[in-house]
Every structure is written in structure tokens, then in C-alpha cells.
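# Fold and geometry: a report
Residues per chain are reported as follows:
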Amino acid sequence: MAEQSRTNQVEDLHLVNLTKRFGDMAAVDDLTITIPAGSFFALLGASGCGKTTTLRMVAGLEDPTSGSIRIGDKDVTRLRAFQRPVNTVFQSYALFPHLDIFENVAFGLRRRGVKDVKATVEQMLDLVELGSLARRKPTQLSGGQQQRVAVARALINKPDVLLLDEPLGALDLKLRRQMQIELKRIQTEVGTTFVHVTHDQEEAMTMADTIAVMNAGRIEQMGHPAEIYELPKTAFVANFLGQSNLIEGRVAGASDDLIDVTAYGVAFRVPKSRSSATGTAIIVGVRPEKMTVLDALDATKVPDGHNAIFGRVTDVSYTGVSTQYLVRAAWGQELIVFEQNMIVGDRCEVGDDVIVHWAPSHTFGLDGDENINAGVDAAVLALDATAGQ
Amino acid sequence: MAPVLPSTVVAPAPTAGQRRSRTGYVLLFPGMTWLAVFFAIPFVTLFLTSLQTPVPGKSGRYRFGLEFGNYATALAEYWPAFLRSFIYAGIATALALLISYPLAYFIAFRSGRWRGLMLVLVIAPSFASFLLRTYAWKTILADESPITTFLNSLHVLPDGRILNTSIAVIAGLTYNFLPFMVLPLYAALEKIDPRLIEAANDLYASPATSFRKVTWPLSMPGVVAGTLLTFIPAAGDYINAELLGSTKDRMVGNAIQTNFIEFRDYPTASALSFVLMAAILVLVFTYIRRAGTEELF
Ligand SMILES: Nc1ncnc2c1ncn2[C@@H]1O[C@H](COP(=O)(O)OP(=O)(O)O)[C@@H](O)[C@H]1O
Ligand SMILES: [Mg+2]
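This structure is a prediction, so every number in the text was calculated from the model and none was measured. Position numbers for residues count from 1 along each chain, tracking the sequence in the order it is written. Chain letters and ligand numbers both follow the written order, the letters beginning at A and the numbers at 1. Predicted model: local features are reported for residues with pLDDT of at least 70 only, side-chain atom pairs are reported and counted for 80 or more only, and whole-chain, interface and lining totals are derived from all residues. Note that the side-chain values use all heavy atoms of the structure and ignore hydrogens as well as water.

### Description of the UniProt feature "domain: ABC transmembrane type-1" (unreviewed entry) in chain B
Per the UniProt annotation, the sites labelled "domain: ABC transmembrane type-1" (unreviewed entry) are residues 82-287 of chain B. Each helix corresponds to a stretch of at least 4 residues labelled H or I by DSSP, and each strand to a stretch of at least 2 residues labelled E; elements are numbered beginning at the N terminus. Helix makes up 77% of residues 82-287 of chain B and strand 0%. Its end C-alpha atoms lie 18 Å apart. UniProt positions are given in the numbering used here, feature names are shortened, and annotations may be inferred rather than shown by experiment.

### Notes on the sheet that holds strand 14 (residues 281-286) of chain A
Residue and element names in this part refer to chain A. What makes two strands pair is DSSP finding at least two bridges between them. What the 5 strands build is an open sheet, ordered 13-12-11-14-20; its pairing is antiparallel. Edge positions in the open sheet fall to strand 13 (266-271) and strand 20 (364-367), since each of these has one partner strand only. The mean inter-strand angle of the sheet, taken between neighbouring strand axes irrespective of direction, is 45 degrees. Alignment of strand 11 (residues 245-254) against strand 14, held across 6 bridges, turns out to be antiparallel. Opposite Arg250, over in strand 14, you have Ala281 as the bridge partner. Axis definition: a line fitted to C-alpha atoms, over the contacting stretch in the case of helices. Angles run 0 to 180 degrees between N-to-C directions.

### A word on the domain arrangement of chain B
All names here are of chain B. When the domains of chain B are assigned, the result is domain 1 (17-50) and domain 2 (78-296). Each partner contributes residues to the interface: domain 1 has 5 residues there, and domain 2 has 7 residues. Buried area counts how much accessible surface, traced with a 1.4 Å probe, disappears from two parts once they are put together, with both parts' losses summed. Taking both partners together, domain 1 and domain 2 bury about 560 Å²; carbon and sulfur atoms supply 86% of that area. Three residues stand out in domain 1 for area buried against domain 2, namely Leu46, Thr49 and Ser50, and they jointly supply 70% of the buried area on that side. Salt bridges are counted wherever a side-chain nitrogen of Lys or Arg sits within 4 Å of a carboxyl oxygen of Asp or Glu. Between the two partners, domain 1 and domain 2, sit 0 salt bridges. Polar contacts here mean pairs of N or O atoms no more than 3.5 Å apart (in protein, one a potential hydrogen donor and the other a potential acceptor; neighbouring residues in sequence count only if both atoms are side-chain atoms). One can count 0 residue pairs in polar contact (both at pLDDT 80 or more) joining domain 1 with domain 2. Put simply, Ala, Val, Leu, Ile, Met, Phe, Trp, Tyr, Cys and Pro go in the nonpolar bin, Asp, Glu, Lys and Arg in the charged bin, and everything else, Gly too, in the polar bin. Broken down by class, the residue content of the side of domain 1 that touches domain 2 amounts to 3 nonpolar, 2 polar and no charged. For the domain bounds, the source is a domain assignment made automatically or taken from a database. Contacts are assigned to residue pairs that have any heavy atoms within 4.5 Å of one another.

### Examining the site of ligand 1
Residues and elements named next belong to chain A. For each residue, the test is whether any non-hydrogen atom lies within 4 Å of the molecule or strand; if one does, the residue is near. Around ligand 1 sit Phe22, Met25, Ala27, Ala46, Ser47, Gly48, Cys49, Gly50, Lys51, Thr52 and Thr53, and those are all the residues in its vicinity. One of the backbone N or O atoms of Gly48 is found 2.6 Å from an oxygen atom in ligand 1. Separating an oxygen atom of ligand 1 from a backbone N or O atom of Cys49 is a distance of 3.2 Å. Under the convention used here, a 1.4 Å probe and the Shrake-Rupley method define accessible areas, while residue burial counts only the protein chains that appear. About the coverage of ligand 1: the protein hides 59% of its 560 Å² of free accessible area. Taken together, the elements giving at least two residues each to the shell around ligand 1 come down to strand 2 (25-35) and helix 2 (51-59).

### Here we look at the nonpolar core
Buried Ala, Val, Leu, Ile, Met, Phe, Trp, Tyr and Cys residues form a nonpolar core when they are joined through side-chain atoms within 4.5 Å. For every residue, the accessible area obtained with a 1.4 Å probe (protein chains only) is divided by the maximum for its type, and the residue is called buried under 20%, exposed over 50%, and partly exposed between those limits. With 87 residues, the main nonpolar core has A:Leu13 and A:Phe96 as its most contacted residues. The dominant element in this core, judged by the number of residues it contributes, is helix 2 (residues 69-109) of chain B, at 14 residues. Counting 52 residues, the second-largest nonpolar core is a separate cluster that includes A:Val89, A:Leu171, A:Val190 and A:Tyr229.

Following this line, the structure appears as C-alpha cells:
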């Protein structure tokens, strides 16, 4: 299969200052990204942020208002959809109802005048494990099977880029997990660049080598899933991709590697290398699972140099793998803490006075101009949309 | 010895399936009664009439008979009218399809908020009576009318006129049955998911190929319904030929009408009606079978 990707000569996809306006509203706003050849690239964002519009412009189904699209050195911006070496797996699959599975999959090959399609189609149907259903009509297939036909129909053309618009959106949770693994396997096998649009952050994290988090027509941050998760650069990313505790403070000083921050009278330390703050206003951020909860009486057990906050437990929920605490800090902000259930026995209870602490190396700093609630609603909506299916 | 089973068994309570089928019969009843009274009985009467023999010496009086020769004489005399009926109806259907398809396509995909108005405009002529509309066409196509004058200035009319030619009859048929073509086509096209056409474009089909491979096959049910709804009444029509054509353009409908009303030759008229019905049935079934297989690819 490695030979296949080499003969296929995969190339980078470049979007340059890509903009699409519908009336006054910029659905996609000056987007510039390079999607590396052969990568599994996820475009992650809440509903309405412009993901579909971006994909449709790459596919040639929508004309950009300005900007350009290149594949390798070739500018495809002005090419019509049927002239582009790009194929799409549509959100609704859009299988041709009057053609059987075989002919659906063969459609692209036949249009390009390929004479003997039988062997290629059968091979592709085997890849998606649908060989036995070749003569069925799309309506006779389950959702998961239709989804795989849609993938096969696009992939058989060996496109430079395969676009997938929420391909798993219509499947139930179990099938979705299964197809995530399946799609990942197929991508590794064929080596084509996959651009996968989703609003499901877990899906993006498990499948993609590179995630671009999109918000209101722009890319907020792009990188390896772990990189974005561990070091979000904006409040939106911190809140949309997983959860974060964000505390507004001011820079009080700095040592060699650390910035000293004061927030609500409490001192925090943030590594300089992990801060994207530019002025004196700064937001101190930490992921919930990086924090530890101790009884307030055990304050002396907090390791030296750790960031720590006193507070009172307002909610405890036990989820098996972990316990989630809500802790209200002295200034009223509720912090969320995930603690792994390593110790059998006493847990903190609602009403307990506690101290929450974490290592500065797990702390990140955001620019003080950011809204600490950015992306919270979007994340909840995306979660609802995923759970609702 | 096996024990003898009691011969009387208590009837089991009807199952859900049995109850459903009983409901089905009840629902069928009004329609079946209607068909029996207004279709089956006249059908049998018509068939019997077509076999009657004349009462000697009394013109216009017939009695029961098995005169299958009525069919032979009717066909021998009127086969040109039959042929004309099918040719005129065929051409009118083809023209109606040619005119209606782009129109229905436009209404289904491009009309936006004008869709409702355009559909009303398609049906609007039907608010006036069929006869009245055809009379209006008599004026429109008259010898000194603007259309005729214009076409004559281009020297495209073989006879120098339109009225009382086969062109007028075909034009009238096309016009009168156009809504029966447009509406089924619109209904079929409107159901096509535009995303399928995008998918075809995405899979290297040019707009023309997308039409040929996706839009056209998916609109086939509308094409079949529309052509049938146009062809069948057009083949049996006599008003257009009567009002717009000359005696050389008479269709089988005119023959039936004259035999019934003027000659009072009921057996010939009935025989003609029967042949017309049978011919249409054969044509329609052949057509549906062919269209049905084409639809698969
Ligand atoms: N054809 C269109 N006309 C007008 N507005 C549109 C059109 N397509 C998309 N939009 C708007 O552009 C924004 C982005 O849409 P979309 O790309 O579909 O978002 P996503 O796929 O991320 O949910 C939305 O606000 C949507 O309402
Ligand atoms: Mg979308």
C-alpha cells in the first residue's frame, strides 16, 4: 500500500487568504493554511463556523469571494468541480438512488473514460468490506454501509485530497466509533490527504494528525492534537477543545523562565514559553485533570512552587474512572477538577474546604484581552449535537 | 389408532392481518362500485354494440349479433384516421416534452420565490373550457393573424396558412395538453436532491453529463407519467382536429363522433372505440416496459 501512495504523488493543499462572503457575513474569513500531503487533517469547529463552506470551495462547489486554492504548485481556484483532482464524502452521502452500489462506486471512473472498471471497483468495495453488496441499491443499505459506499465512491478516483464533511454525523455513537477506526485504517492504507470536517472534538483528536480549530470563519489554532490540547493559544481553543480553568490576572514580575501573576490576590506562576500574553493583563489557564484536590488542612502537603487555590467543594460527581469536583474559589469563580480514582477511600465531599494545586509546567498563559468564556457555549452545543444522534 | 379429531372447531378470532385485509375490502367498495356502474357496464354494452347487426330496412336500428366483421370494415375504412391519431398525438407529445422539460426544470430548480406563481400560470389556461381555448386558437392561427403573417413573411409555411392544416391540429393538441406534461415533470424534478448533482460534478461529470446520468434518469417517472397523460387523451381527441384541421386531418376521434352522431352507425363507432382502446393499451404497455428498463441505467 505504501507504493500506492508513492505512485499517487500526493501534494500539499494550500488555502491562501481564502474568503467567502454571503452578503455582509464572512462565512470564511481570510483563511490561510497549508495541509500537508498525506495527512489526516481535521477541521474542527462549532456548527456555522464555516467548515462546510471551506470544503465546498476546495471541492469547487462554491466560488471563493477572494483568495486562492493550490494543490502542490497547481492553482485550482478557477477550475470547475468536475475538473478538480478532489473528491468529497458528503454529509448526507448523496449516493445516486437509481444506481446500484457497484455503479455508484464506478461513477467517477466511468466519467473519466476508464474502460475496465470491474477489478478496480471490486478491490475498492473489498477495502470498505462491501464486496457482497455490489448489486444492492443504496436504499437497501444501513447508514454505516451507505457511509462506506460514499467513502469508496470518492476514494476510488485516487484524488489528491479527499474531503469528508461530517461523514459520521448521521451514525449512532457505537457505529461512529467503529467508523472512526475504519476511516483511519483506510487513510493509512491509501495515503491520500484526508480533510475531515467535524464538530466532535473527541473525533478530531482520535483521528487526526493535525487539527485546525475554526471559529467564526477563521482558524484559531492549528497543530498536533496533543500540542493544541496541552498548550491552547486562545480562550476559544482552551474551552472548545476539552475544558479549561481560566483565571484573569495581571503580570506582577518575571524570573528567568516564569512569569509571576497575581489574580484576586493569589500568586501564580506561568512558564514564559507557555504564555501567549502580550501585555500586563494575562489569563492563567490549566486543564482540569492536571489539578489535585487536597483537604485545606493538608495545605502543607502542596509541593513547593505549585500554583494553589483555596476553595470550597460545591459539587462532586463520580464517573468511575475519575471524580469531577466543582470548587468555588474565594472570589466566586467555579473551578473544575478531574481527579483519577487512584485511592480507595475518602474523597472530598460537598462543603469541604479544600486546596487545589498544580505544577506551573502544566499552566498556560493567554492574552488578557481574551474573553474567558469564549467557546464554552459552542462546546456545549457541539456536545449536544453529538449526543443528540 | 389415532384419536378422531372433533369435526367442529371453534372459529379462531381474526388475526390482525385478517382484520387489516377486511378493512381493505371496505375501503375498496366505493371505488369498485363506481367502476362497475360507470366503467364495466358501459364497457360491456359498448362491446356488445360493436357486434350488432343492422335491422334490415330500418336505418339507425340495430339488433344483437356477433358481427365481428364490423371491426374489419371499420378498420378498412378508417385506418388512415387511426394512423393520423397516433402520429399527431406522438408529435404533440414529443413537442410538449420538449417545451415542458426546460420549463419544469426551471420551476423546480431556479424559480425561487416565483415558483408558486409559475405553477399557477401553468394551470391557469385550464380555468377556461377546453372548447373555448381551442376556439381561441382558431383566431390565433387564422389566415390574417399576426403569427401567420409573420411566418409567411419568412416563407416557412408549406401551404401559406396554418389554420385547417395538420400543423394547426398538432399545435392545438400540444397546447391543450401541456399542463399534463409540465406538472408530472415538475413533481419528479422537484424531488431530486440538488446535492446529487453536486456529487456528480464532484465525480468528474460535466453539467451535460450530470444531466444525462443523474437528472434525466431520476426524472424518468415524471417523463413516463407526463407522456402518457399527454399521449392518451391526445390520441382520442377530436375537438382539435374538428376546429383547427381540414377534412384531410381527421383523427379517429372524429370518425367515432361522426359515426355516432351523424351516421347513427353505432356498431362501427363502437368498434372504432374498442380498437382505439386496445391500440393505446398495447402502446402504453410496450412503452412502460421499455422506459422501465432504461431507468435502471
Ligand atoms: N448558501 C448560503 N447562503 C447564505 N449563507 C450561507 C450559505 N451557506 C452557508 N451560509 C452561512 O455561512 C455560515 C457558515 O456555514 P457552514 O460553512 O455551513 O458552517 P458549518 O459547516 O461550519 O456548520 C453559516 O452562518 C451559514 O448560515
Ligand atoms: Mg457543515
